Structures are given as C-alpha cells and as structure tokens.
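Residues per chain, in single letters:
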Amino acid sequence: MKVGVLTGGGDCPGLNQSIRGIILRSLDYGIEVIGLKNGWAGLIKGLTMSLDLKTADEIISKGGTILGSSRTNPFKKEDEMVPKCMETFKNIGLDALIAIGGDDTLGVANKFYKKGLKIVGVPKTMDNDLSATDYTFGFDSAATIAIDAVERLRDTGKSHHRIMVLEVMGRHAGWVALFTGIAGGADWILIPEQKVNFDEMCTHLKKVWERKGYGIVVVSEGIEFSEEDEEDEEEQEKDAFGHIILKKRAVAVTLEKEIEKRTGIEARSSVIGHMQRGGSPTLFDRILSLRVGVKAVDLIKEGKFGMMACLKGNRIEAVPLEQAVAKLKTVDEEWWSFAKVFLK
Ligand code: F6P
C-alpha cells in the first residue's frame, strides 16, 4: 500500500510528531508513505517527498512541518484544480491520503472523500476550535508559550505600574486567550464569544491597579469592538478560505489606547502572533500528535475512510469528517463562568 500525507493551513507544534507517528505505524503494516508538499498545493502540482525511518528519527522534537504548509483551497477553482488533484493521486499511485489540518483542510478532505478519494483526517490547530475532538494538538503548546509571555509582561508591568495587554491568536474561538488568561492569572480576558464591555473592563482594571499596582489583559485577535466591525467584514482582506486576516485588525493597540483614555493609567500592548506557532511541542501535544497519527494509519488499514482520528476523554477514537467540520467549537458559557471566578 502507498499512502500520501499532507499538512495544510496554519502550522503548529506537533505536525512533525504526527508525521512521525504515521511513518512508524505504517512500517508496522508495510505501508509506504509519501509526503505531499505545501498542503493541497502538493496534490495539485504533484510535489512529493519520500518519508522513511530516517525522516521519522530526525523530526522527534522539531517544530513546524517538514512537508511545508499552505492555505491553498483546490475547491476555490474547482473545475481546474480538483481534476488535477485526482490526477496526481492516480499518477503517484496512492491508495489513500492522510490530511493533517484544521477545519479548512479537513473540509477539503471531506469534499474529496465525497468525490471518491480514500481519505482520513488528522486534527490539528492551535485554535482548538475543531468540534468532535476534545483537544487538537498545537493548542497546548501555543497556550504554554503565551503563558510565558504573560509572566514576562507581569514582571515589566509590575515595575512600571502599567496595564499590559497581550494579544493572542485563535481566530473565531477564544480558547487560547481563555486558557492563557486563566492559567497566567490575567485580570481581564476578552474572547470573540463574549461582547466587549469597555465600562465594565475599565472599572475592574482600575480596582485591580489600585490593589496591585499593575494589570494584565489577555485578548483574542478575533474580538469585535462593535457591530460596525462585523459589518465591515466584507471589505477586509481574506485568505483562500474566505477568512479575514485578523492580524491586520490590531486589537491590542486599540485596547491599549481605550484603557489609557478611560482609566488614566498607562498601558502597553504586545502581540505574540506567530511565536505561538513555532518551537518544539509540549509533552501533551507530542503524545496527542503521535496518537492521532498512529490512529489515522490504523483507520486506513481497517478501510475506514472519510473518518478523522479524535480525542474523546483520554481515548483516541474516530468520527466522520462530515461531523468534524460541521461546526466550530467555541468557548461555551460554562468555561466562561469558570474563567470569571479568577477575574477579581
Ligand atoms: O488558524 C491558526 C491561526 O494561527 C489563527 O489563530 C490565525 O488567525 C491564523 O492562523 C494566522 O494565519 P497566517 O499564518 O496565515 O497569518
């Protein structure tokens, strides 16, 4: 058997470890593994690389993805690109394909599955916004890096008696901001799932500042300041999957200015951005990425296509891709109430 593997969408810690899991499990079954470079672009253009035991040895702790990634969407130009992908699949002699990605990449995988390709999905994303899996690898590492940033901001904020604002990634789901804020001891957390209330936030920050002499705010890049913001969406620059390029919105700077204006306290903002996506994965992400990689090969061996490996409690299971990409997993009220316990 010959199995292809690709990584699509934003990279995150754990991708190489997942590839390692795929290579090593494939060896158990005598399956040959071929890497497709740069996400779906590799399938369109037929860009391949061989993956063997030596490769697996070299990527034990490496960040990023040795396969490269892209946000290429073959269904954007369906008539032209999709046949090309089908052709490459056949020409390389693939029996099956493993797509490692978030909702966009797995959404494409699901469409190809419906067109008859034998595909299995592996969930990844630092945003942790994929439903049908309890956690995605990349998230734990990204939040761990962001917590370190909070600690550093606390030191300098404390010295200068400032309110420090940290903007983290996460697109339309506030998981990274929420976990970073809770675990890092932030004084206020802003997530896309909750409306921004400047009055409430600034009254609270003033109270905190009077008590501690500094304050920490963690904000998710995807928050909306007003309903006009949402209406403006049409005009903003988007990627191949139609997502707004959020870093251009600079929410941290807006917050910094608003906090200064409303509280009279000096504020500073930082954006951690892509630093959250590089480096070696945490223990949790290493184990999770290996487990879902191994599961994907098992699914292929069992002929269970159109499925995605997932984490349910502490077990690795499988769910239909259709179900996995049906809706985003956002922060629910239960988590939000839990976070509010610590905003004192
Ligand atoms: O989807 C993962 C993610 O890191 C988001 O949190 C972020 O908005 C986006 O990717 C950034 O994308 P890019 O790497 O294309 O700037």
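Residues numbered from 1 in each chain as written. Predicted model: local features only at pLDDT ≥ 70, side-chain atom pairs only at ≥ 80, totals over all residues. Heavy atoms only, no water.

Colleague: An account of the pairing of strand S6 (residues 163–168) is needed here, citing residue identities and associated values.
Modeller: Walk down a regular strand and you will see the side chains alternate between the two sheet faces. Most of S6 sits out of view: 6 of its 6 residues are buried. Neither face of S6 is exposed, since Ile 163, Val 165 and Glu 167 on one face and Met 164, Leu 166 and Val 168 on the opposite face are all buried. The pairing of S6 with strand S8 (residues 215–220) spans 6 bridges and is classified as parallel. Directly across from Val 165, in S8, lies its bridge partner Val 217. Summarising the sheet, S6 and strand S9 (residues 267–271) pair through 5 bridges and their orientation is parallel. Along S9, the bridge assignment pairs Met 164 with Arg 268. (Buried < 20%, exposed > 50% of the residue type's maximum accessible area, 1.4 Å probe, protein only. Helix = DSSP H or I, 4+ residues; strand = E, 2+ residues; numbered from the N terminus. Pairing = 2+ DSSP bridges.)

Colleague: Outline helix H7 (residues 175–184), listing residues and values.
Modeller: Across the 10 residues that make up H7, a large majority, 9, are buried. Buried within H7 are the following residues: Trp 175, Val 176, Ala 177, Leu 178, Phe 179, Thr 180, Gly 181, Ile 182 and Gly 184. Tucked into the core, H7 has its buried residues touching helix H6 (139–160), S6, strand S7 (188–190), S8 and helix H13 (333–340). Immediately beyond the C-terminal end of H7, within one or two residues, lies Gly 185, with a positive phi of roughly 75 degrees. (Contact = heavy atoms within 4.5 Å.)

Colleague: Run through the pattern of salt bridges, naming residues and quoting values.
Modeller: All told, the structure shown has 19 salt bridges when counted by the stated rule. The closest approach of N and O atoms between Glu 151 and Arg 154, which form a salt bridge, is 3.7 Å. Placement of both Glu 151 and Arg 154 in helix H6 is noted, with a separation of 3 residues, approximately one turn of the helix. Here Arg 154 falls in the buried class, since its relative accessible area comes to 15%. Taking the shortest distance from any N to any O, the salt bridge between Asp 239 and Arg 171 comes out at 3.6 Å. Of the two residues, Asp 239 is situated in the loop between helix H9 (227–232) and helix H10 (251–263) and Arg 171 in the loop between S6 and H7; the sequence distance between them amounts to 68 residues. Like Arg 171, Asp 239 is buried. (Salt bridge = Lys/Arg side-chain N within 4 Å of Asp/Glu carboxyl O.)

Colleague: Can you lay out the sheet that holds strand S2 (residues 32–36) for me, pointing to particular residues and giving the numbers?
Modeller: The 7 strands are arranged S3-S2-S1-S4-S5-S10-S11 in an open sheet whose pairing can be described as mixed. With partners counted over all chains shown, the strands left at the sheet margins are strand S3 (48–51) and strand S11 (315–320), one partner each. Neighbour-to-neighbour, the strand axes of the sheet open up by a mean angle of 30 degrees, direction not taken into account. Of the pairings in the sheet, the one linking strand S1 (residues 2–7) to strand S4 (residues 96–101) comprises 5 bridges and is parallel in character. Residue pairing across strands places Val 5 opposite Ile 98, the latter belonging to S4. The strands touched by helix H1 (residues 15–29) are S1, S2, S3, S4 and strand S5 (119–123); relative to S4, the strand with the most contacts, the crossing angle is about 155 degrees. (Axes fitted to C-alpha atoms, helices over the stretch in contact; angles between N-to-C directions.)

Colleague: Talk me through the side chain of Thr 125; I want residue IDs and the actual numbers.
Modeller: Structurally, the position occupied by Thr 125 is in the loop between S5 and H6. Judged by its relative accessible area of 9%, Thr 125 falls in the buried class. Excluding residues within four positions of it along the chain, Thr 125 makes contact with Cys 12, Leu 130, Thr 136, Phe 137, Gly 138 and Phe 139.

Colleague: Account for the site of the ligand, naming residues and giving values.
Modeller: The full set of residues close to the ligand is Arg 71, Met 126, Asp 127, Met 169, Gly 170, Arg 171, Glu 221, His 274 and Arg 277. In isolation the ligand exposes 400 Å². Once the protein is present, 80% of that is buried. Among the detected pockets, the ligand sits in the largest pocket. Looking at the shell around the ligand residue by residue, the class counts come to 2 nonpolar, 2 polar and 5 charged. (Near = heavy atom within 4 Å. Areas by Shrake-Rupley, 256 points an atom, 1.4 Å probe, with all protein chains shown as cover. 1 Å grid on protein atoms, 1.4 Å probe; cavity = no way out; pocket = protein on both sides within 12 Å on 5 of 7 lines; lining within 4 Å. Sits in = over half its atoms within 2 Å of the grid points. Nonpolar A, V, L, I, M, F, W, Y, C, P; charged D, E, K, R; others polar.)

Colleague: Can you lay out the UniProt feature "binding site: diphosphate" (unreviewed entry) in the chain for me, pointing to particular residues and giving the numbers?
Modeller: In the numbering used here, UniProt assigns the "binding site: diphosphate" (unreviewed entry) feature to Gly 10. Along the chain, the position of Gly 10 falls in the loop between S1 and H1. In contact with Gly 10, other than residues within four places in its own chain, are Arg 71, Lys 124 and Arg 277. (UniProt positions renumbered as here; feature names shortened; annotations may be inferred.)

Colleague: Tell me what's going on with the domain arrangement of the chain, and back it up with residues and numbers.
Modeller: Along its sequence, the chain is organised into domain 1 (2–137 + 281–324) and domain 2 (141–277). In this structure, domain 1 and domain 2 have C-alpha centres spaced 32 Å apart. Each partner contributes residues to the interface: domain 1 has 18 residues there, and domain 2 has 16 residues. Across the interface of domain 1 and domain 2, roughly 1,600 Å² is buried in total on both sides, 56% from carbon and sulfur atoms. The tally of links from domain 1 across to domain 2 stands at 1 salt bridge. Across the pair Arg 277 and Asp 11 runs a salt bridge whose closest N-O atoms are separated by 2.8 Å. In this assembly, domain 1 and domain 2 are joined by 4 residue pairs in polar contact (both at pLDDT 80 or more). Of the residues in the side of domain 1 that touches domain 2, the class split is 6 nonpolar, 5 polar and 7 charged. (Domains from an automatic or database assignment. Buried area = accessible area lost by both parts, 1.4 Å probe. Polar contact = N/O pair within 3.5 Å; in protein donor to acceptor, adjacent residues only side chain to side chain.)

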